[in-house]
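For reference, the chains in residue letters:
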Amino acid sequence: EEWLEASTQSDASAMLAEMIHIVGKAVNGPLLGSVRDALRYSGFSPSSSLSELMLRSYSNLGMYAEFTEVLVEVKEAGLFKPSMAALTLRAALAADDFEAALEQLPGFAASPEEEGVLQQLARLAVKQAKLPALVHGLRADAPRLAAAALEAALVAAARRSAVAAEEVEELGRAEGVEITTTARCTLLRAAGSSERARRLFAEASGAGPPPPELVVATAEVATALGDVALAREVLGKLPKPTPEVASASLRLFSEGP
């Protein structure tokens, strides 16, 4: 710690960061704790780059409590930057901290990892019964993210039961969130009855030719349920055939209903 006293704040941060880099994968909690203690002893504040390195290290170690402590210090010092938002979001998801993850989500938009993160967050929201908070929190400021989150939540809910999927659908409609084509396909495949499947298909195809993937999903459901009426509706709405649509149509003829 004596060498820190003879250093400038900038040099101290650079040297401590270099030490962490040298240790590499062997970095552990006690070492990071010593870095923080040394900074406190010297009265220095860590640089933005050192702060991010410590956040990344704590995240990799799964030490979420310490991660949060450093994050608070970073924000209080005005050192928080966009790249830290991604770190914070991933750490929060790993720790099942829904509120912290949701707080960072808007700043994570358009990231290459966005889809995977949304799926994780939606699964966490379903697991913790916090899906309304997720959808409502995104609807006004990030409607595209709200639609994507609802889509991911529907996939997660459909794995549980048709009733769970219907509850997610009702939430989306109540919040005025767009139901994407993928979400509609999920709802169709989770439909527990012919009546519900017909209603979903009619709604999705009412404004014009349904997307090919919706036709495929409905054809699969009609075959599985043995629903002649639904099969006729599907055949009557066939768009320009794609290989997937043609295959689904052949199954309708060969397997029933």
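Remember, predicted model here, so these are calculated numbers, not experimental data. (Residues numbered from 1 in each chain as written. Predicted model: local features only at pLDDT ≥ 70, side-chain atom pairs only at ≥ 80, totals over all residues. Heavy atoms only, no water.)

**Focus: the overall build of the protein chain**
When its secondary structure is counted, the protein chain shows 16 helices and zero strands. Counting the 257 residues in the protein chain, one finds 44% classified as buried. A fraction of 63% describes how many contacts in the protein chain between residues 6 or more apart in sequence connect residues 24 or more apart. Of the roughly 13,000 Å² that the protein chain leaves accessible, carbon and sulfur atoms contribute 54%. (Helix = DSSP H or I, 4+ residues; strand = E, 2+ residues; numbered from the N terminus. Buried < 20%, exposed > 50% of the residue type's maximum accessible area, 1.4 Å probe, protein only. Contact = heavy atoms within 4.5 Å. Areas by Shrake-Rupley, 256 points an atom, 1.4 Å probe, with all protein chains shown as cover.)

**Some points on the environment of leucine 225**
Checked against the element boundaries, leucine 225 lands in helix H14 (residues 212-225). In contact with leucine 225, other than residues within four places in its own chain, are Ser193, Ser194 and Ala197.

**Notes on the packing of helix H5 (residues 64-76) against helix H6 (residues 82-94)**
Running from N to C, H5 and H6 cross one another at 150 degrees; their axes reach a closest spacing of 11 Å. The angle between H5 and H6 places the two elements in the roughly antiparallel class. Crossing hand, H5 versus H6: left-handed. From H5, Tyr64, Phe67, Leu71 and Val74 reach across to H6, where they touch Met84, Leu87, Thr88, Ala91 and Ala92. Its residues assigned to classes, the contact of H5 with H6 comprises eight nonpolar, one polar and no charged. (Axes fitted to C-alpha atoms, helices over the stretch in contact; angles between N-to-C directions. Parallel < 35°, antiparallel > 145°, perpendicular 65-115°, else oblique. Left-handed = near helix turned anticlockwise from the far one by under 90°. Nonpolar A, V, L, I, M, F, W, Y, C, P; charged D, E, K, R; others polar.)

**Quick notes on helix H4 (residues 48-61)**
Between its terminal C-alpha atoms H4 stretches 20 Å, which fits the 20 Å expected from 14 residues at 1.5 Å a residue. Buried within H4 we find Ser48, Leu50, Ser51, Glu52, Leu53, Met54, Leu55, Ser57 and Tyr58. Where the residues of H4 are buried, they touch helix H2 (9-23), helix H3 (29-42), H5 and H6. Taken from the residues just after H4, glycine 62 is the one with a positive phi, measuring 70 degrees. (Expected span 1.5 Å × (residues − 1).)

**A closer look at the pattern of salt bridges**
On inspection of all chains with the given rule, the structure shows 16 salt bridges. A salt bridge links glutamate 169 to arginine 196; the shortest N-O distance between them is 2.6 Å. Taken together, the residues glutamate 169 in helix H11 (residues 162-175) and arginine 196 in helix H13 (residues 194-205) connect sequence positions 27 residues apart. A salt bridge links glutamate 220 to arginine 189, with the nearest nitrogen and oxygen atoms 2.8 Å apart. In this pair, glutamate 220 sits in helix H14 while arginine 189 sits in helix H12 (residues 181-189), placing the two residues 31 residues apart along the sequence. Using a relative accessible area of 30% as the deciding quantity, one classes glutamate 220 as partly exposed. Under the relative-accessibility criterion, arginine 189 is labelled partly exposed at 45%. (Salt bridge = Lys/Arg side-chain N within 4 Å of Asp/Glu carboxyl O.)

**Digging into unusual backbone geometry**
A positive phi is found at aspartate 96, a non-glycine position, where the angle reads about 60 degrees. With respect to the helices and strands, aspartate 96 occurs in the loop between H6 and helix H7 (98-104). Its identity as a non-glycine residue notwithstanding, alanine 129 has a phi of 55 degrees, on the positive side.

**Topic: the environment of serine 48**
Mapped onto the elements, serine 48 comes out in helix H4. For serine 48 and phenylalanine 80, which are 32 residues apart along the polypeptide, the C-alpha to C-alpha distance reads 7.4 Å. Ignoring any residue separated from it by four or fewer positions in sequence, one finds serine 48 in contact with Leu79, Lys81 and Met84.

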